[in-house]
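# Working through the structure, step by step
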Amino acid sequence: MAGSIVEPVQGPVQALECTKSEDIDFENTVRRMMNAEFDDWPNEAGFEGLDEIRGPVNLKVKGFIPPWAAGTLYRTGPGQYTVDDTPKGTFRATHWFDGFGHSHRFSIIVNPDDADAPVRVEYASKRQAQSLVDAVRKSGRRPDISFGQRADPCIGLFGKIMSLWRSSPLGRDPNFDNVCVDMKTNVPGLPSRAGGGALDPGGKGDGIKNMWLTTDAGIMKEIDHQTLEPIGVAKQQNLHPLLKGPSSCAHAQRDPITGDLFNYNLEMGLRTYYRVFRVSASTGETDILATISAVDVKPAYIHSFFLSPSFVILCVPSSHIAMGGIAVPWNNNIVDALEPFDESKPCRWFVVDRLGGRGVVAEFDSPAGFFFHSVNAFEEEEKRDDDGEGDTGDTVVYCDAVEYPTTEVIRSFELDVILQSDGAAKNFWGDEDRNRRCQVRLTRHKLRVPPLPPSPPDDASCAMQTPATASLAVSRPATEKVFEIRAPRAGELPAINRAYATRRHRYVYSLANRGFSSLLDSLVKTDLVTREAVFWDNPRGHSPGEAVFVPRPKRRGGEKEDEKDLEKEGEDEGEDDGVLLSVVLDGVNKKSYLLCLDAKTMKELGRAECDFAIAVGFHGLHWPSVPDGRSISS
């Protein structure tokens, strides 16, 4: 179980050897899963008997957590999966993504009188959907649309028809809506009930004006960033009247310079409309950058998208929703509403101009597939390769994502599989073909965008303010696959140094599965230049959560590196100069701890230990307590 370091690539021969070694690692992972070597890796403590800790409680710190990592680590995700004493007995969530929301706060506090003293760490948590839990306890079933909750066999045709007409409880109570996938701070444009920049433990303003929880729907939930108490719910339609569709993306993107927020809204029905929009951080105003609609553009489940310096890139994967979207309320969940996977239906890529108001400026196809998480996107100007007589004028956009060849991986996150109930894990992973298809591929796509036409005038008509309705194209160019790094050398819930958002990056941190767990079993650092993979050497049964990169602050009086050097891939010494924070479940002892790793070496520096288990969650953010010039998106 020891962590491993793969030797870096030095040239073509070594690159070939590295690829062979990657193949061996991949085959070993598949074999371990088929042989159920995850049998003795316990995950139950992260899903059962979890408590709300209003706190704050002090955690025991071991080792060293650097003072410059001081601040607050926020985490969110599901935290309760059963409801007792319902008219139908005990209600049980059946999919990881459908647990009832639970948010967490780790405060890393320095001694203001002694900078060399060890930091203190405090923990508190708050459940986010108590009213929904109460509703389930009253009826024995979920009254809302879930991600993948198995259908109640007692609900017949009449019940399905009624579900199509059931009014949404949105807006009645912020404790009702189960919004718990990601977290965003200082979101512009939305009506906030927060008091604005509260005081941190040191008595100074912390800079957080509002905090919102997000999910893959057109709603967001506001919470108090100190108490984690739900205080409000807002719809995307509050931002713009055309953003009236029920679906959206949990992972809205932020411009790292301006702080502008980008997302899409999906309206389904007889015709599908994807509306890509921007919310200005300076004015709070929202404008529609593109409305994408065509006969061959289907509604799909999309969890993330891409943002580069000039474009919003929306990839519509092959996770198509049946019946024009009606299948979602008919089945009361998203997973059962997906069409059977069809490899003849490619992924569709739409490149949307976000600077000049030109709408969709390019379209591409890639082979049928699926992804949850984008990693990053960046641009380069294309150079001529033959005689070097200037640029072609094309802009090359690179998009990195964690991909799968089918949608089958969604079922791997059902609780019966994760918790190995009734042989479900062995049945799922014992199918060799499915096993292979459910292994991660960290993939880079290359999109060549031709020179753009002139920007529309400032006084353009209203039609140009919601530009570029996509039409049915006769043929579209394909994206070029630059590389593909397979499991276990890359994993899920990817993270980068956010200072490199929309720029060429080298390192990706993610949660890998080497075949020892029915979920995820290690943290891995992937070098995209050398294809080197370094794993955290974690004990058996210790399951990490998403890694959050905290950069070492810049020195006073200057930058770490010359800006020109930062643009040269492979020459930047500072991209991995920081620490990783991850909430780890010790499944053996049924406790959790906050882990601090050196982001260069992947070696443990320190930890803050809990006397209890914390739910295996999704995403979060680190908010520094010491301003260091980082952008709003940090």
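What you see is a predicted model; the values in this text were computed from it and never measured. (Residues numbered from 1 in each chain as written. Predicted model: local features only at pLDDT ≥ 70, side-chain atom pairs only at ≥ 80, totals over all residues. Heavy atoms only, no water.)

## Notes on the overall build of the protein
Helix and strand counts for the protein stand at nine helices and 33 strands. When the 634 residues of the protein are sorted by exposure, 57% land in the buried category. Taken as a whole, the protein presents about 26500 Å² of accessible surface, with 50% of it coming from carbon and sulfur. (Helix = DSSP H or I, 4+ residues; strand = E, 2+ residues; numbered from the N terminus. Buried < 20%, exposed > 50% of the residue type's maximum accessible area, 1.4 Å probe, protein only. Areas by Shrake-Rupley, 256 points an atom, 1.4 Å probe, with all protein chains shown as cover.)

## Here's the deal with unusual backbone geometry
Most peptide bonds are trans, and most residues other than glycine sit at a negative phi. The linkage connecting Gly55 with the following residue, Pro56, adopts the cis geometry, with an omega of 5°. Turning to its location among the elements, Pro56 is positioned in the loop between helix H1 (12-34) and strand E1 (57-63). Note that the residue after Ala487, namely Pro488, is joined by a cis bond; omega there is 5°. Residue position: Pro488 is located in the loop between strand E23 (480-486) and strand E24 (492-495). Not every positive phi belongs to a glycine, and Leu228 is a case in point at roughly 65°. Residue Leu228 is classed as buried on the basis of its relative accessible area of 1%. Its identity as a non-glycine residue notwithstanding, Lys590 has a phi of 55°, on the positive side.

## Quick notes on the pattern of salt bridges
For side chains of opposite charge, pairing can occur when their charged atoms come near one another. One pass over the full model with this rule turns up 42 salt bridges. Between Arg411 and Glu414 there is a salt bridge whose closest N-O contact spans 2.8 Å. (Salt bridge = Lys/Arg side-chain N within 4 Å of Asp/Glu carboxyl O.)

## Some words on the pairing of strand E30 (residues 578-586)
Among the nine residues of E30, nine are classified as buried, and the element is accordingly described as predominantly covered. With two bridges joining them, strand E28 (residues 542-543) and E30 adopt antiparallel strand pairing. Note that in E30 the partner of Ser543 across the bridge is Leu585. The sheet contact formed by strand E29 (residues 548-551) and E30 spans four bridges and is antiparallel. Considered in E30, the bridge of Phe549 is made with Leu580. Where E30 lies against strand E31 (residues 591-598), eight bridges are found, and the strand directions are antiparallel. (Pairing = 2+ DSSP bridges.)

## With respect to the nonpolar core
Counting 71 residues, the largest nonpolar core has Phe47, Trp96 and Phe372 as the members making the most contacts within it. Residues contacting Phe372, with those up to four places away along its chain left out, are Phe97, Tyr301, His303, Ser304, Val402, Tyr404, Val409, Ile410, Phe413 and Glu492. Within the second largest apolar cluster, 21 residues are counted, among which are Tyr264, Tyr274, Val297 and Val316. (Core = buried A, V, L, I, M, F, W, Y, C linked by side-chain atoms within 4.5 Å. Contact = heavy atoms within 4.5 Å.)

## What to know about the sheet that holds strand E16 (residues 306-307)
Spatial strand order, E16-E17-E18-E19: four strands in an open sheet with antiparallel pairing. Sheet topology places E16 and strand E19 (360-366) at the edges, where each strand pairs with a single neighbour. Here six bridges tie strand E18 (residues 347-353) to E19, and the two strands are oriented antiparallel to one another. Bridge pairing in E19 places Cys347 opposite Ser366.

## Focus on the environment of Pro340
Within the secondary structure, Pro340 is located in the loop between helix H4 (327-331) and E18. Considering only alpha carbons, one finds Pro340 and Ala322, 18 residues apart in sequence, at a separation of 8.9 Å.

## Concerning the pairing of strand E32 (residues 604-609)
Pairing of E1 with E32, which is carried by four bridges, proceeds in the antiparallel orientation. When the bridges of E32 are listed, Val61 appears paired with Ala608. In the sheet, E31 pairs with E32 via five bridges, with the strands oriented antiparallel. When the bridges of E32 are listed, Tyr593 appears paired with Glu609. Hairpin remark: E31 followed by E32, antiparallel, with five residues in the connecting loop; positive phi at Met602, about 65°.

## Looking at the confidence of the model for the protein
Averaged over the protein, the pLDDT score is 88; the fraction of residues at 70 or greater is 83%. Predicted confidence is poor over residues 1-17, with pLDDT under 50, and the contacts of this stretch with residues over four places away or in other chains come to 28 contacts. (pLDDT = per-residue confidence, 0-100.)

## Overview of the sheet that holds strand E8 (residues 211-214)
On the basis of which strands lie adjacent, the open sheet formed by four strands has the order E7-E8-E9-E10 and antiparallel pairing. Bordering the open sheet on either side are strand E7 (182-185) and strand E10 (230-235), each of which pairs with just one other strand. Direction aside, the axes of adjacent strands within the sheet are offset by 30° on average. Alignment of E8 against strand E9 (residues 219-223), held across four bridges, turns out to be antiparallel. If you follow Leu213 over to E9, its bridge partner there is Lys221. (Axes fitted to C-alpha atoms, helices over the stretch in contact; angles between N-to-C directions.)

## Regarding the side chain of Arg275
Considering the arrangement of structural elements, one finds Arg275 in strand E14 (residues 273-279). Under the relative-accessibility criterion, Arg275 is labelled buried at 8%. A distance of 3.4 Å separates a polar atom in the side chain of Arg275 from the backbone oxygen of Leu242. At 2.6 Å, the side chain of Arg275 forms a polar contact with the side chain of Glu267. Residues within four places of Arg275 in sequence aside, it is in contact with Leu242, Leu243, Asn263, Tyr264, Asn265, Glu267, Ile288, Ala290 and Thr291. (Polar contact = N/O pair within 3.5 Å; in protein donor to acceptor, adjacent residues only side chain to side chain.)

## Observations concerning helix H2 (residues 130-139)
Ser131, Leu132, Val133 and Val136 are the residues of H2 that are buried. On its buried face, H2 sits against strand E2 (71-80), strand E3 (82-86), strand E4 (89-92) and strand E5 (100-109). After H2 finishes, the residue Gly140 shows a positive phi value of roughly 85°.

## Examining the packing of aromatic side chains
In this structure the tally under the stated criterion is 24 aromatic pairs. Three or more aromatic residues joined by ring pairs make a cluster, and in this case those are Phe47, Tyr81, Trp96, Phe97, Phe147, Tyr301, Phe370, Phe372, Tyr404, Phe413 and Phe618. Sitting above the plane of the Tyr398 ring, Arg504 keeps its charged end 5.6 Å from the centroid. Above the plane of the ring of Tyr593 lies Arg607, whose end atom (NZ or CZ) is 4.0 Å from the centre. (Phe/Tyr/Trp six-rings, centres within 6.5 Å; stacked < 30°, edge-to-face > 60°. Lys NZ or Arg CZ within 6 Å of the ring centre and 35° of its normal.)

## Points about the environment of Ala45
Within the secondary structure, Ala45 sits in the loop between H1 and E1. By relative accessible area, which is 9% here, Ala45 ends up buried. With 571 residues separating them along the chain, Ala45 and Val616 place their C-alpha atoms 8.9 Å apart. Excluding anything up to four places from it in sequence, Ala45 contacts Leu50, Leu585, Lys590 and Ala613.

## Concerning the environment of Ile223
Here Ile223 lies in strand E9. Note: C-alpha distance between Ile223 and Ala194 (29 residues apart in sequence) is 7.9 Å. Ignoring sequence-local partners within four residues, the contact set of Ile223 consists of Gln128, Met183, Met211, Leu213, Leu228, Glu229, Pro230 and Ile231.

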